[in-house]
Amino acid sequence: MSLDISEIAPYDFAPIESKWQNFWLKNRSFSTDCNSSNPKYYVLEMFMYPSGKVHIGHVRNYTIGDIFARFKRAKGFSVLHPVGWDAFGLPAENAALKQKAHPKNWTYRNIGIMKSQILSLGFSYDWEREFATCDEKYYAFQQKIFLAFHKKGLVYRKKSEVNWDPVDNCVLANEQVVDGCGWRSCAPVEKKSVDQWFLKITDFADELLTELDKLDGWPEKVKIMQRNWIGKSEGCSIAFKSSAGENITVFSTRPETIFGATFLAISPDHELAQKLALSNEKAKRFIDEFKKGSVAGEFLDKQEKLGLDTGITVSHPLLEKKLPVYIANFVLMDYGTGAVFATPAHDERDYEFAMKYGLPVERVIRAKDESSGELPYLEDGTLINSDFLNGLSVAEARKVVIDRLTQLKIGKRETFFKLRDWGVSRQRYWGCPIPAVHCSKCGIVLLAEKNLPVLLPPDVDFSSPGNPLDNHPTWKHVECPTCGVPAVRETDTLDTFVDSSWYFLRFCLNDSNAENLLARKDIDHWMQVDQYIGGVEHAILHLLYARFFTKALADCGFVSIREPFRNLFTQGMVCNATYRRENGEWLFPEEVRKNKGGDFEVIATGEKAIVGRFEKMSKSKKNVVDPDVIVKNYGADALRIFVISDTPPDKDFPWSDDGLEGCGRFINRVWRLFSFLESRGVCAAQCSAKVDLESLPAGIRELYVGFHRTIKNVTDAIEGRHMNKVVAHIRDGVNSVYLALDEVESHRGIFSLITRDLIKMLAPIAPHICEEAWERFGFRELVSENPWPTYEEDYLKVSLINLPIQVNGKLRGTIEIDPEEEESEVFAKALRLAGVQNAIARGALQKRIFIKGKIVNFVVADAET
RNA sequence: GCCCGUGUGGCGGAAUGGUAGACGCGACAGACUUAAAAUCUGUUACUCGUAAGGGUGUGUGGGUUCGAGUCCCUCCACGGGCACCA
């Protein structure tokens, strides 16, 4: 007597999962080189910061990537799927302070821990390409890139106001300032003037913008965010003759409104304002007040428009008219020219200001329908009160007025960007040293390539404040590479975003040629990244820098491509329920229970607990789940399935213990199925090539043909990155096999075919159980090395369908027919349905709609209406 | 304020303009069991009805269409990004 399916022992995943993980690693199953004749495919997930523990969010990110990598491999691609560590950065130094561990030891220890966690999830990585950005070899090369950029004129130094983080004691890039606060410390940012190294990302502003249009494989959302960040404005700069002597140059994107200009506004930081403050007490006070406000920074959004009449006037360039000049707090010095002409009638901000200070408003654009007399008027229309522009449309007028101003030599077409150059200096130890020295004779000198690398000194002291490199007794003292006199090393290190701006290139190289990025063969072979996967939080920072680096490296001759990532996928965050006490203090889920009334209470005290929203898992909100615990209790396969189930991968994922439990059950269900089939003599490794459909009984034929539909569904879903649907369709397939289990012994051949392809389709998601089943069914090679299943197009055509019959668009019944059935025959059958008869009897039949194989709709004029 | 996205059962979510709710979670029931768990098999949008069979349903209000979750317009709610960018 053979075993009933319910008697099969549960799946003991632990030994099986470690068996295959060891096998893959030992046999270098996923190692790649560029000698394959298959087309290449480069799958990359954003690499990890070695904080100490892998987060469930990482698991989701890497699972999505791994499914894709395994799928593409099965589809016959030569897949590069590397892994590495974004290992420089602040937390290592914080740990050094707190735990008295050297940043290097702390970092590499964390990498060790996290690597074992990652290995326990069974990802198909090429571990031979693994590296950390703090590896000497890696950052040594980064220094060469820095020199190359310098040679190309992309590096410069500038004394400038920078964002100073008073808590982390370091400079922040514009992009690292969130709502006026440091992105990590959340402390209000102060302004400070420091000598800084800058990378000229603005040289590429136009290209970074226009190339976005070609990135078809990127989410629109990310492209929009980058577009806004680059912030291109095309317009015209215009010089106004001023009573103070010098001209005031303004920038406007709407020069056609110049006849409506009633005043000029300049920034409190404008040269003229600064000059005025020297002699004018009122102006000085106004500017000082402004500075205070801007440092506090909190009311920026609601800040009232304030201005001060300077008493200075300018001449309107096209009218016999003087305009007053105001210092205004809403004019930014670091955008455009720091001065604007104001046309209150057609600009909201100017209008508000004019109202407040009683300045004239002159309308120069008439609405098309003339109905809108409301001001400010911001829409398109026809120019009025504007001399030679009268009667023109806004677009025409813009062109004409710029031409005229250019001709008169008082204006010129100009473009401004919001994008600023990238300040890369950090006053930190744990980063890539900037290869430069300060010489008393020669000034700042960059090292020659032969003097590289500049390695971090291992012996550093974190006990005193500031940069340990600066405090180091010997490290910074060197000879000037140019004149040989004693000089001092640059003690700033590079922003860690520099490290992550080219790591995807390093992955293209083996360890053997890693030091020679100029040997471009491998890079040319693998780049671009065909599928990049990561969090949307990097939409601007990392993704823009990486694009910039690729373009700059191309200009320096390192790479051939100008865009690094062909397809980008941004996955959602993993969220979990949150609980708080009434005083707002967060609670662990274990501290809370549901009471009889259905409300939540704190177990220890019985006080009321408030159920919060699902929030991104974070330690502070006490709602994190530890991947190690899940893997231990449910196995890697169950966790992998769970993190991609149910929710589209680009959406936030709501964690649920029940859902995870369900995936554990599913893995068991699959295991029992495989075991049962094996015990009934199903031999997947010996499938017959041909199936005679006609000879099969209807039920089995339906099962087999239906399974081809499943293969198509799964394949399409995975290609479209709809991982939740992939799981749903596979479950569908498993369910239909379960329902046909009585037939196994009489149709072993069909069940063998189905089993073989089911394993193949599940393998990218749950590779361990599939590798094991594959082996037990008698296959020699790995399922990971087998081609993806194919389906018969012919089988997708169904012999009978349920055709919906509608009356006035409402479903009144269905008829089972051949999809090719002719119109008249279908109508005849449809009209025999009782529901249809009843509905039609209410009025006169006016029209009949027939869409072959899709629908029938009878249109009836309702007698009652 | 501007830009983008999202609104579908108790929940996560399916649905080339053509039978709304695939798949899963939860719940309920049956089988197996002394029993429970596990497992297998069903049922499960709401509503009227014993039933047969009706009616109502995809945030709101309108429109296009034989037919709208899907396309167009209006408004509302939630989420995200940018935020005095001239």
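Residues numbered from 1 in each chain as written. Chains lettered and ligands numbered in written order. Predicted model: local features only at pLDDT ≥ 70, side-chain atom pairs only at ≥ 80, totals over all residues. Heavy atoms only, no water.

A.B. asks: Got a minute to help me understand the protein's contact with RNA strand B in this structure?
C.D. replies: What surrounds RNA strand B is a group of 52 residues, the closest being Thr253, Arg349, Lys418, Lys725 and Lys854. Restricting the count to atoms of RNA strand B within 4 Å of the protein gives a sugar and phosphate share of 66%. Contact distances for RNA strand B include 2.5 Å between a base oxygen and a side-chain N or O atom of Lys305. Between RNA strand B and Arg669 there is a distance of 3.0 Å, counted from a phosphate oxygen to a side-chain nitrogen or oxygen. Elements with a contribution of two residues or more to the surface near RNA strand B: α7 (220-230), β9 (248-252), α19 (657-679), α21 (723-738), β35 (801-807), β36 (810-817), β37 (843-851) and β38 (855-862). By residue number, the principal contributor to the surface near RNA strand B is α21, which donates seven residues. (Near = heavy atom within 4 Å. Polar contact = N/O pair within 3.5 Å; in protein donor to acceptor, adjacent residues only side chain to side chain. Helix = DSSP H or I, 4+ residues; strand = E, 2+ residues; numbered from the N terminus.)

A.B. asks: Would you mind going over the side chain of Lys305 with me for this structure?
C.D. replies: Within the secondary structure, Lys305 sits in the loop between α9 (281-296) and β11 (307-315). Here Lys305 falls in the buried class, since its relative accessible area comes to 15%. (Buried < 20%, exposed > 50% of the residue type's maximum accessible area, 1.4 Å probe, protein only.)

A.B. asks: Even after reading the chapter, I still don't get the pairing of β9, so can you show me in this structure?
C.D. replies: Side-chain direction in a regular strand flips from residue to residue, so the side chains alternate between the two faces of the sheet. The element β9 is extensively covered by neighbouring structure, given that four of its five residues are classed as buried. Here five bridges tie strand β8 (residues 232-242) to β9, and the two strands are oriented antiparallel to one another. Bridge assignment links Phe240 to a residue of β9, and that residue is Ile248. (Pairing = 2+ DSSP bridges.)

A.B. asks: Sorry if this is basic, but what is going on with the sheet that holds strand β1 (residues 40-45) here?
C.D. replies: Remark on secondary structure: sheet strands pair via backbone hydrogen bonds, oriented parallel or antiparallel. Across the sheet, which stays open at both edges, the four strands sit in the order β2-β1-β25-β26 with parallel pairing between neighbours. The open sheet has two free edges, formed respectively by β2 (78-80) and β26 (568-571), since each of these has just one partner strand. Across this sheet, the average inter-strand angle for adjacent strands is 20°, counted without regard to direction. Relative to strand β25 (residues 531-535), β1 runs parallel, the two sharing three bridges. (Axes fitted to C-alpha atoms, helices over the stretch in contact; angles between N-to-C directions.)

A.B. asks: Would you mind going over the pattern of salt bridges with me for this structure?
C.D. replies: A pair can form between side chains of opposite charge whenever their charged atoms are brought close. Summed over the entire model, instances satisfying the criterion amount to 50 salt bridges. Linking Glu207 and Arg562 is a salt bridge whose minimum nitrogen-to-oxygen distance equals 2.8 Å. Of this pair, Glu207 sits in helix α6 (residues 205-210) while Arg562 sits in the loop between α16 (541-555) and β26; the two residues are 355 residues apart in sequence, bridging distant segments of the chain. One salt-bridge network, held together by shared partners, links Glu207, Glu211, Lys214, Arg547, Lys551, Asp555, Arg562 and Glu563. (Salt bridge = Lys/Arg side-chain N within 4 Å of Asp/Glu carboxyl O.)

A.B. asks: Is there a simple way to think about the environment of Leu447 in this case?
C.D. replies: Inspection of the secondary structure puts Leu447 in the loop between β21 (443-446) and α12 (468-471). For Leu447, a relative accessible area of 8% corresponds to the buried category. Separated by 318 residues in sequence, Leu447 and Ile765 have C-alpha atoms that sit 49 Å apart. Filtering out sequence-adjacent residues up to four positions away, Leu447 remains in contact with Leu147, Pro435, Ala436, Val437, Leu452, Val454, Pro481 and Arg489. (Contact = heavy atoms within 4.5 Å.)

A.B. asks: Before we go on, may I ask you to explain the packing of aromatic side chains in this structure?
C.D. replies: Centre distance and the angle of the planes are the two values used to describe a pair of aromatic rings. With the rule as written, the count across this model stands at 52 aromatic pairs. Between the aromatic rings of Trp774 and Phe779, the centroid separation amounts to 3.5 Å while the plane-to-plane angle is 5°, which identifies the pairing as stacked. Through a chain of ring-to-ring contacts, the aromatic side chains of Phe47, Phe131, Tyr138, Phe141, Trp502, Tyr503, Phe504, Phe507, Tyr532, Phe558 and Phe565 assemble into a single cluster. Arg70 extends its terminal NZ or CZ atom over the ring of Trp24, reaching a point 4.8 Å from the ring centre. Taking the ring centre of Tyr377 as reference, the NZ or CZ of Arg363 above it sits at 4.9 Å. (Phe/Tyr/Trp six-rings, centres within 6.5 Å; stacked < 30°, edge-to-face > 60°. Lys NZ or Arg CZ within 6 Å of the ring centre and 35° of its normal.)

A.B. asks: Help me understand unusual backbone geometry, please; the structure alone is not making it clear to me.
C.D. replies: A negative phi angle characterises most non-glycine residues, just as the trans form characterises most peptide bonds. The step from Leu452 to Pro453 runs through a cis peptide bond, and the omega angle for that step is -5°. Within the fold, Pro453 resides in the loop between β21 and α12. That bond from Met527 to Gln528 is cis: its omega, 10°, falls within 30 degrees of zero. Mapped onto the secondary structure, Gln528 falls in the loop between α15 (521-526) and β25. Positive phi outside glycine occurs at Lys100, with the angle close to 55°. On the basis of relative accessible area, Lys100 is assigned to the exposed category, the value being 73%. Positive phi values are uncommon outside glycine, yet Asn808 reaches one of about 50°. By secondary structure assignment, the location of Asn808 is in the loop between β35 and β36.

A.B. asks: Before we go on, may I ask you to explain the environment of Pro458 in this structure?
C.D. replies: Along the chain, Pro458 turns up in the loop between β21 and α12. The spacing of Pro458 and His102 is 356 residues in sequence and 8.5 Å in space, taken between C-alpha atoms. Pro458 has contacts with His102 and Tyr429, leaving out every residue within four places of it along the chain.

A.B. asks: Just to check I follow, could you spell out the packing of helix α22 (residues 748-762) against helix α23 (residues 767-776) for this structure?
C.D. replies: How two helices pack is summed up by the angle between their axes together with the distance between the axes. α23 packs onto α22 with a crossing angle of 155° between their chain directions and a minimal axis gap of 9 Å. Taken together, the axes of α22 and α23 lie roughly antiparallel to each other. In the packing of α22 onto α23, the handedness of the crossing is left-handed. Contact residues: Arg756, Ile759, Lys760 and Leu762 in α22; Cys770, Ala773 and Trp774 in α23. (Parallel < 35°, antiparallel > 145°, perpendicular 65-115°, else oblique. Left-handed = near helix turned anticlockwise from the far one by under 90°.)

A.B. asks: Honestly, α22 in this entry has me stumped. Any pointers?
C.D. replies: Spacing of three or four residues puts side chains on the same side of an α-helix, whose turn is 3.6 residues. Here α22 spans 21 Å end to end across 15 residues, near enough to the 21 Å set by a 1.5 Å rise per residue. The buried fraction of α22 is high, at 12 of 15 residues. (Expected span 1.5 Å × (residues − 1).)

A.B. asks: Is there a simple way to think about the side chain of Gln531 in this case?
C.D. replies: Relative to the helices and strands, Gln531 is located in strand β25. Polar side-chain contacts of Gln531 include one of 2.3 Å to the side chain of Arg721. Look past the residues within four positions of Gln531 in its chain and what remains in contact with it is Tyr41, Tyr42, Val43, Leu44, Phe68, Asn567, Leu568, Phe569 and Arg721.

A.B. asks: Would you mind showing me how to read the confidence of the model for chain A here?
C.D. replies: Low-pLDDT portions of the prediction should not be read for the details of their coordinates. When pLDDT is averaged along chain A, the result is 89; 94% of the residues meet or exceed 70. Confidence drops under pLDDT 50 across residues 294-301; counting only partners more than four residues distant or on other chains, this segment forms zero contacts. As a predicted assembly, this complex carries a pTM of 0.92 together with an ipTM value of 0.95. (pLDDT = per-residue confidence, 0-100.)

A.B. asks: Mind showing me how you'd approach the state of the cysteines here?
C.D. replies: Put plainly, a disulfide is one covalent bond tying together the sulfur atoms of two cysteines. According to the stated counting rule, one finds zero disulfides in the structure shown. Free of any disulfide, Cys483 has its nearest cysteine sulfur in Cys442, 3.5 Å distant. In this structure Cys575 is a free cysteine whose sulfur lies 17 Å from that of Cys663, the closest cysteine sulfur available. On the basis of relative accessibility, which here comes to 7%, the residue Cys575 falls in the buried class. (Disulfide = S-S within 2.5 Å.)

A.B. asks: Just checking my understanding: could you explain the sheet that holds strand β27 (residues 574-576) for this structure?
C.D. replies: Sheet architecture is open: three strands sit in the order β33-β27-β34, paired in mixed fashion. Edge strands, defined here as strands with exactly one partner in the open sheet, are β33 (615-616) and β34 (653-654). Examined bridge by bridge, β27 and β33 share two bridges and lie antiparallel to one another. Within β33, the residue paired with Cys575 across the bridge is Lys616.

A.B. asks: So what exactly am I meant to see when it comes to the packing of α21 against α22 here?
C.D. replies: Between α21 and α22, the shortest axis-to-axis distance is 11 Å and the interhelical angle comes to 155°. With respect to each other, α21 and α22 are oriented roughly antiparallel. Helix-helix and strand crossings are classified by hand; for α21 and α22 the assignment is left-handed. Residues Ile730, Val734 and Val737 of α21 pack against Phe751, Ile754, Leu758, Met761 and Leu762 of α22. For the contact of α21 with α22, a count of residues per class yields eight nonpolar, no polar and no charged. (Nonpolar A, V, L, I, M, F, W, Y, C, P; charged D, E, K, R; others polar.)

A.B. asks: What is the right way to read helix α1 (residues 13-26) from this model?
C.D. replies: Given a rise of 1.5 Å per residue, 14 residues ought to cover 20 Å, and the 20 Å separating the end C-alpha atoms of α1 matches this to within 8%. Among all positions of α1, only Phe13, Ile16, Glu17, Trp20, Gln21 and Trp24 are buried. The buried residues of α1 occupy an angular sector of 130° when the element is viewed end-on, so they sit on one face. Of the residues in α1, the exposed ones pointing more than 90 degrees away from the buried face are Asn22 and Lys26. A positive phi of about 50° marks Arg28, the residue just after α1. (Arc of directions from axis to C-beta.)

A.B. asks: Where do I start with the environment of Cys575 in this structure?
C.D. replies: Relative to the helices and strands, Cys575 is located in strand β27. The spacing of Cys575 and Tyr138 is 437 residues in sequence and 35 Å in space, taken between C-alpha atoms. When sequence neighbours within four positions are dropped, the list of residues in contact with Cys575 reads Phe614, Glu615, Lys616, Met617, Asp652, Phe653, Pro654 and Trp655.

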